[in-house]
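# Summary of the model geometry
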Amino acid sequence: MSKERKVVVTPETTWKETTPGGIIIDAGNAEDFKTGDWRSMKPIWLQDKCKQCLLCYPVCPDTSILINEEGKRVDFDYDHCKGCGVCVEVCPFDAIDFVEEE
Amino acid sequence: MAIRDRLSGNEAVAVAMKQINPDVVAAFPITPSTEVPQYFSSFVSDGKVDTEFVPVESEHSAMSACIGAQAAGARTITATSANGLALMWEMLYIAASSRLPVTLAVVNRALSGPINIHNDHSDSMGARDSGWIQLYGETNQEAYDNLIQAIRIGEHPDVMLPVMCCYDGFITSHAVENIELVEDEKVKEFVGDYKPEHYLNNAANPVAMGPLDLQNHYFEHKRQQAEAMKNAKKVILEIAAEYEKLTGRKYGLFEEYKMDDAEVAVVVINSTAGTAKYVVDQLREKGVKAGLIKIRVYRPFPVEEIAAALSKCKAVAVMDKADSFNAAGGPLFTDITSALYGRVDGVKVINYIYGLGGRDVKTDDIEVVYNELLEIVKTGQVKSVYNYLGVRE
Ligand code: SF4
Ligand code: SF4
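Residues numbered from 1 in each chain as written. Chains lettered and ligands numbered in written order. Predicted model: local features only at pLDDT ≥ 70, side-chain atom pairs only at ≥ 80, totals over all residues. Heavy atoms only, no water.

A tally of regular secondary structure across chain A gives one helix and four strands. Reading chain A from its N terminus to its C terminus gives the helix and strand order β-β-β-α-β. Relative to the 2.2 N^0.38 estimate, which gives 13 Å for 102 residues, the radius of gyration of chain A is 17 Å and therefore markedly larger than a compact globule would have. By residue count, 30% of the 102 residues in chain A fall in the buried class. At a minimum sequence separation of 6, the contacts of chain A that also span at least 24 residues come to 61%. Carbon and sulfur atoms provide 52% of the accessible area of chain A, an area that totals close to 6800 Å². (Helix = DSSP H or I, 4+ residues; strand = E, 2+ residues; numbered from the N terminus. Rg over C-alpha atoms; globule rule 2.2 N^0.38 Å. Buried < 20%, exposed > 50% of the residue type's maximum accessible area, 1.4 Å probe, protein only. Contact = heavy atoms within 4.5 Å. Areas by Shrake-Rupley, 256 points an atom, 1.4 Å probe, with all protein chains shown as cover.)

Given below as structure tokens:
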């Protein structure tokens, strides 16, 4: 999970609270920016077809394929997945479906 | 004891830079500011400063290098004039909006075209809305004193804005005059070290600067920037008071010359104030209640203070050494009249555009202005608001 941030700038942050000149005080704050709502296509993980080969994991440009403590992939992080479809193309076992976002 | 010397304006500014001993100077030569980096580079090669001197290929690069250095955590100074300032334009806004207190000596020169190397204020006046603090100096002494104070003003945590120190090309930059310098160690102590809260070369606290800033946040940053400019007025006066303790020389937002009982007054910027003060003295001898205001701080513009200072005058002439081409009046005129609006009623204000491209301004010219003001007081009539002084009709 995200580590403690010194300044969390949100759409509600006022001019008195925001950082001078837009300086980004914390590294790794891309996590705060939910890009999931940019998605028009949505990848669906078909768990029964998945062989856990993990070829999908490194190609995701948004680190949206999550790996658990046992080193197994789990479901997508839909808060950040932009629906680019790269993982869909890469999966050798057709274990990722690609459907229109509702 | 202060050091008595005789220096040109450019030399005085270069000496101030030597005493400040900034971390970085990045500059590109352009008349009449060339001597500033030229003198300074000799201090660098003689080992008199610890500064990293970056000879760049253009003024755009000079300001870019200054921004990069200041963002990294370095105290940075540069100098330019006219078209050089124009080439910095894009980066001026970036320095100000990134809240980087770069210091810039602007040796005022007419901005082309037609091409001209002599003094007027069309260069820095064009940058008046770039978000930089603008200080103006009449003499080599003021150019020197402003530059030293600029460091403290810009770097103040309530301000964090870049500062332009402007003085007249050739008239002030090249004329040699007597000057009182502050001792090196006193300047060093006065400016102190640059200690920004956030800077790029800070491995313990990494930050990113200059990010994309869209509809959700840009406006808040601009509002914050506007507040910093409002804060600057108070800070400028605090630093001036501290500087006065050090040197005995008093600085304010503007200088009032024989304004106490003045009925007619001229408002002017930079070296022409010297000529105009002479005319004020002559008029005073004849019993005319003449006064003068010389603007030192143009950004932030001292709106309330100017309105108060002019409130007892009957007629005022604002002299602009730059035209706005707005078909209404010069930049200083626009600011003075809007300062008076709603604060002071009944003061008649006229505008003279003068001295463009280095056209000489003599005492006779200034007399014409005061005579016109006296005529306005006598008749109560303003014949013309937006006028030109010293142009062939
Ligand atoms: S669709 Fe693109 S963004 Fe979404 S998980 Fe697959 S690779 Fe990542
Ligand atoms: S590439 Fe396909 S099979 Fe391999 S881990 Fe990813 S979803 Fe499972």
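Attention now goes to the packing of helix 1 (residues 9-20) of chain B against helix 7 (residues 140-155) of chain B. Residue and element names in this part refer to chain B. Contact geometry for helix 1 and helix 7: axes closest at 8 Å, N-to-C directions at 30°. With respect to each other, helix 1 and helix 7 are oriented roughly parallel. Like other packed secondary-structure pairs, helix 1 and helix 7 cross with a definite hand, here right-handed. Listed contacts from helix 7 to G9, A12, V13, V15, A16, M17, Q19 and I20 of helix 1 are N140, A143, Y144, L147, I148 and I151. (Axes fitted to C-alpha atoms, helices over the stretch in contact; angles between N-to-C directions. Parallel < 35°, antiparallel > 145°, perpendicular 65-115°, else oblique. Left-handed = near helix turned anticlockwise from the far one by under 90°.)

What follows is about the environment of T76 of chain B. Residues and elements named next belong to chain B. Tracing the backbone through its elements, the reader meets T76 in strand 4 (residues 76-80). Using a relative accessible area of 0% as the deciding quantity, one classes T76 as buried. Sequence spacing of T76 and M63 is 13 residues, and the spatial spacing of their C-alpha atoms is 9.8 Å. A distance of 3.1 Å separates the side chain of T76 from the backbone oxygen of A74, its partner in a polar contact. (Polar contact = N/O pair within 3.5 Å; in protein donor to acceptor, adjacent residues only side chain to side chain.)

Now for the domain arrangement of chain B. Residues and elements named next belong to chain B. The domains assigned to chain B are domain 1 (3-247) and domain 2 (254-389). If you average the C-alpha positions of domain 1 and of domain 2, the two centres end up 28 Å apart. Each side of the interface is counted separately: domain 1 has 31 residues, and domain 2 has 27 residues. Summed over both partners, the interface of domain 1 with domain 2 comes to about 2200 Å²; 51% of that surface belongs to carbon and sulfur atoms. Counting the contacts that link domain 1 with domain 2 gives six salt bridges. In this structure, K233 and E305 form a salt bridge, with 3.0 Å as the shortest nitrogen-oxygen distance. Our count for the contact surface shared by domain 1 and domain 2 stands at 21 residue pairs in polar contact (both at pLDDT 80 or more). The set of elements that each furnish at least two residues to the side of domain 1 that touches domain 2 consists of helix 6 (122-126), strand 6 (133-137), helix 7, strand 7 (163-168) and helix 9 (218-247). (Domains from an automatic or database assignment. Buried area = accessible area lost by both parts, 1.4 Å probe. Salt bridge = Lys/Arg side-chain N within 4 Å of Asp/Glu carboxyl O.)

With that settled, consider the interface of chain A and chain B. Listed as interface residues are 15 residues of chain A and, on the opposing side, 18 residues of chain B. Contact between chain A and chain B buries roughly 1500 Å² in total, counting both sides, with carbon and sulfur atoms accounting for 64%. For chain A, the biggest contributors to the area lost against chain B are W15, G21 and I23 of chain A; these three give 41% of the whole. Across the chain A-chain B interface, the total number found is zero salt bridges. At the boundary of chain A and chain B, one finds seven residue pairs in polar contact (both at pLDDT 80 or more). Of the residues assigned to the side of chain A that touches chain B, the class counts are seven nonpolar, seven polar and one charged. (Nonpolar A, V, L, I, M, F, W, Y, C, P; charged D, E, K, R; others polar.)

It is worth spelling out the sheet that holds strand 15 (residues 386-389) of chain B at this point. Whether parallel or antiparallel, the strands of a sheet pair through hydrogen bonds between backbone atoms. Residues and elements named next belong to chain B. Pairing is mixed in the open sheet, where six strands are placed in the order 9-11-10-13-14-15. The open sheet has two edge strands, strand 9 (254-257) and strand 15, and neither has a second partner. Each adjacent strand pair in this sheet contributes to an overall mean axis angle of 25°, direction not counted. Contacts between helix 12 (residues 331-340) and the sheet are confined to strand 10 (264-269), strand 11 (290-295), strand 13 (315-320) and strand 14 (348-354), with strand 13 contributing the most and set at about 145° to the helix. (Pairing = 2+ DSSP bridges.)

Here we come to helix 3 (residues 59-72) of chain B. Residues and elements named next belong to chain B. Between its first and last C-alpha atoms helix 3 spans 20 Å; for 14 residues at 1.5 Å apiece the expected length is 20 Å, and the two agree. Burial in helix 3 covers these residues: E59, S61, A62, M63, C66, I67, A69, Q70 and A71. At the exit of helix 3 stands G73, carrying a positive phi of roughly 115°. (Expected span 1.5 Å × (residues − 1).)

On to the site of ligand 2, then. Close to ligand 2 lie 13 residues, the nearest being C50, C53, L54, C56 and C91 of chain A. Of the residues belonging to the shell around ligand 2, the class tally is ten nonpolar, one polar and two charged. (Near = heavy atom within 4 Å.)

Opposite charge on two side chains permits pairing when their charged atoms draw close. All names here are of chain B. Under the defined criterion, the tally for this structure stands at 24 salt bridges over all chains. Put simply, K277 and E138 hold a salt bridge, and the shortest N to O gap is 2.8 Å. Of the two residues, K277 sits in helix 10 (residues 272-285) while E138 sits in the loop between strand 6 and helix 7, which places them 139 residues apart along the sequence. The class for E138 is buried, based on a relative accessible area of 11%.

Attention shifts here to the sheet that holds strand 2 (residues 24-27) of chain B. Residues and elements named next belong to chain B. The mixed open sheet is built from seven strands, whose spatial order is 3-2-4-5-7-6-12. Of all strands in the sheet, those bounded by a partner on one side alone are strand 3 (52-55) and strand 12 (297-299). Each strand axis lies, on average, 20° off the axis of its neighbour in the sheet, ignoring direction. Where strand 6 meets strand 12, two bridges bridge the pair, whose relative direction is antiparallel. For Q134, the partnering residue across the bridge sits in strand 12 and is R299.

Our focus in this paragraph is the layout of surface pockets. Residue and element names in this part refer to chain B. Each pocket or cavity is described by its volume, and for the largest pocket that value is around 790 Å³. Of the pockets and cavities examined, the second largest pocket occupies roughly 580 Å³. Considering the residues around the second largest pocket, the lining is formed by 32 residues, among which E155, H156, P157, D158 and M160 are closest to the centre. Elements with a minimum of two residues in the lining of the second largest pocket: helix 7, helix 8 (184-191) and helix 9. Considering every element that reaches the lining of the second largest pocket, the biggest residue donor is helix 9, with four residues. Split into classes, the residues belonging to the lining of the second largest pocket amount to 13 nonpolar, eight polar and eleven charged. (1 Å grid on protein atoms, 1.4 Å probe; cavity = no way out; pocket = protein on both sides within 12 Å on 5 of 7 lines; lining within 4 Å. Points joined across faces, edges and corners; volume = space filled by probe spheres on them.)

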